[in-house]
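# Examination of the molecular architecture
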Protein chains: 2
Amino acid sequence: MGGRIQFWYEFASTYSYLSATRIEEAAQALGVSVDWQPFLLGPIFAEQGWTSSPFNMYPAKGQYMWRDMERLCARRGLPFQQPDPFPQNGLYAARLALAAKEIGGIGAFSRAVFSAQFGSGRTISDQDTLAECLQIAKLPAELAVRAQDAEIKQALFAQVDQARQLGIFGAPSFVVGDELFWGDDRLDQALELAAT
Amino acid sequence: MGGRIQFWYEFASTYSYLSATRIEEAAQALGVSVDWQPFLLGPIFAEQGWTSSPFNMYPAKGQYMWRDMERLCARRGLPFQQPDPFPQNGLYAARLALAAKEIGGIGAFSRAVFSAQFGSGRTISDQDTLAECLQIAKLPAELAVRAQDAEIKQALFAQVDQARQLGIFGAPSFVVGDELFWGDDRLDQALELAAT
């Protein structure tokens, strides 16, 4: 007991929604603690020559992903809506998440953002949506000010750098010790390792 | 009972190896029959602008995949070697598989090819390797002649066309009724649907 898992997620990522909604409960059942690590996939995709989400660039892959998400959410009893546009701009949400992390509220805030986007079809670059997410997470509205500090902006750049150094190329990703796991499909395997 | 699953695979595909080794047993346990559907990913990748496997084109993705395969094979007690070069040319193997399908031996032959490649590091474009795979599958050596018939070559083109029409963009893929599933991670979900 007492293991730890790093959860690397991008707010615009559909499969990150699946992991965000279940990771805390699944980790707790194994005595594992979760370290929420928001980052941006945009810069990492750009280095691979991708100008948008691969789900937009490769239509067959995109069409499949939406059906796969529909099926998985139905199995798990999760609401699901396809956000428009996709992918959403998760920059402000990611900065707010880092500000929330300073006061211990990152998990609740992140879940609220994922639910607003993929559960209710809200636009997560919208300041009103984010203000509601702070409320839902019982966090002070003033975090929106803190999120605009140079220190937080710099911290988000550092997150992207660290993700790159960890070999992360997609989201969600999980890090346990030296092992990297990619995709909601590997969450249970990662947690199992963290628990040993 | 009595359901059916189409198993679409490419011989060079690492994750297809995982599914090929377990699909018959898993399907049988649910009373589902397996329709083995070899195809080539090369033409489909080329249409997406990819000149090689995405695991070669995107190094972080490739490095992750090899480690993921190592871990998964270890968990399942499967031997695993990284073939050199990767990806292998699966053209002859795919033609032979279609020839084997005509006489009811496609599953055994395909498993032998995957095991030779990913279990023993053999080169599957090599005629000697393929001749051994025919032996292992207890199939006549003369299939190598049938595999060069224009009819078989044409049948493989038709497989690629059909894969494209089914929306297939990677391997392994599974088709049950109108539903497409991608990846060894979805095999159980696909079988579950086939069994209902």
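Since we're looking at a predicted model, the values are computed, not measured. (Residues numbered from 1 in each chain as written. Chains lettered and ligands numbered in written order. Predicted model: local features only at pLDDT ≥ 70, side-chain atom pairs only at ≥ 80, totals over all residues. Heavy atoms only, no water.)

### Brief notes about the pattern of salt bridges
- Scanning all chains against the criterion turns up 36 salt bridges over all chains.
- Here Glu47 of chain A ties to Arg164 of chain A by a salt bridge, and the two come within 2.6 Å at their closest N and O atoms. Taken together, the positions of Glu47 of chain A in helix α3 (residues 42-47) and Arg164 of chain A in helix α10 (residues 150-165) put the pair 117 residues apart, joining distant regions of the chain.
- Glu47 of chain A gets classed as exposed once you look at its relative accessible area, which sits at 51%.
- Across the salt bridge formed by Glu70 of chain B and Arg67 of chain B, the nearest N and O atoms sit 2.6 Å from each other. Here Arg67 of chain B and Glu70 of chain B lie together in helix α5 (residues 59-76), a separation of three residues that amounts to about one turn.
- We classify Glu70 of chain B as partly exposed; its relative accessible area is 43%.
- Look at the salt bridges and you will find they share partners, linking Arg67, Asp68, Glu70, Arg71 and Asp185 of chain A together with Glu179 and Arg186 of chain B into a network. (Salt bridge = Lys/Arg side-chain N within 4 Å of Asp/Glu carboxyl O. Helix = DSSP H or I, 4+ residues; strand = E, 2+ residues; numbered from the N terminus. Buried < 20%, exposed > 50% of the residue type's maximum accessible area, 1.4 Å probe, protein only.)

### A look at the sheet that holds strand β1 (residues 4-9) of chain A
Residue and element names in this part refer to chain A.
- Here we have four strands laid out as an open sheet, ordered β2-β1-β3-β4, and mixed in their pairing. Sheet topology places β2 (33-38) and β4 (179-182) at the edges, where each strand pairs with a single neighbour. Within this sheet the neighbouring strands show an average axis-to-axis angle of 25°, counted without direction.
- With six bridges joining them, β1 and β2 adopt parallel strand pairing. Bridging from a neighbouring strand, Ile5 pairs with Val34 of β2. (Pairing = 2+ DSSP bridges. Axes fitted to C-alpha atoms, helices over the stretch in contact; angles between N-to-C directions.)

### A few points about the layout of surface pockets
- Empty space within the second largest pocket amounts to approximately 320 Å³.
- Along the wall of the second largest pocket there are 16 residues; nearest its centre are Asp185, Arg186, Asp188 and Gln189 of chain A together with Asp185 of chain B.
- Breaking the lining of the second largest pocket down by element, the ones donating at least two residues are α11 (187-195) of chain A together with α5 of chain B. (1 Å grid on protein atoms, 1.4 Å probe; cavity = no way out; pocket = protein on both sides within 12 Å on 5 of 7 lines; lining within 4 Å. Points joined across faces, edges and corners; volume = space filled by probe spheres on them.)

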